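Next come the chains, spelled out residue by residue.
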Amino acid sequence: MVGMITLDRRGPDHPGHPRPEAGEAALGYLFLPQAWGSGYAAEVGVAALD
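What this report covers is the structure whose coordinates are included nearby. (Residues numbered from 1 in each chain as written. Predicted model: local features only at pLDDT ≥ 70, side-chain atom pairs only at ≥ 80, totals over all residues. Heavy atoms only, no water.)

## Section: the packing of aromatic side chains
Phase 1 of the analysis: The final tally for this structure, using the stated rule, is 2 aromatic pairs.
Phase 2 of the analysis: Summarising the aromatic geometry, the rings of Phe 31 and Tyr 40 are spaced 5.9 Å apart at their centres and angled 40° between planes, so their arrangement reads as tilted.
Phase 3 of the analysis: Given a relative accessible area of 15%, Phe 31 falls into the buried group.
Phase 4 of the analysis: Judged by its relative accessible area of 33%, Tyr 40 is partly exposed.
Phase 5 of the analysis: Three or more aromatic residues joined by ring pairs make a cluster, and in this case those are Tyr 29, Phe 31 and Tyr 40. (Phe/Tyr/Trp six-rings, centres within 6.5 Å; stacked < 30°, edge-to-face > 60°. Buried < 20%, exposed > 50% of the residue type's maximum accessible area, 1.4 Å probe, protein only.)

If you want it as structure tokens, here you go:
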């Protein structure tokens, strides 16, 4: 394991929520330093959009 990702619903009260009426999700990730710069965050983002 090199890290973890989260995909959470964002409620209208979440700071920085651009559209209160939209059901949006927040993508988060945390990787071990030795995994930084390996492109994992980009892969996670693409996979989440698919």
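## A closer look at a nonpolar patch on the surface
Phase 1 of the analysis: A cluster of nonpolar side chains, namely Ile 5, Leu 7, Leu 27 and Tyr 29, defines an oily patch on the protein surface of about 410 Å² accessible area.
Phase 2 of the analysis: Breaking the nonpolar patch down by element, the ones donating at least two residues are β1 (3-10) and β2 (24-31).
Phase 3 of the analysis: As for its position among the elements, Tyr 29 is in strand β2.
Phase 4 of the analysis: With relative accessibility at 49%, the residue Tyr 29 sits in the partly exposed group. (Patch = residues over 30% accessible without salt bridge, like charges linked within 9 Å, V, L, I, M, F, W, Y side chains within 5 Å. Areas by Shrake-Rupley, 256 points an atom, 1.4 Å probe, with all protein chains shown as cover. Salt bridge = Lys/Arg side-chain N within 4 Å of Asp/Glu carboxyl O. Helix = DSSP H or I, 4+ residues; strand = E, 2+ residues; numbered from the N terminus.)

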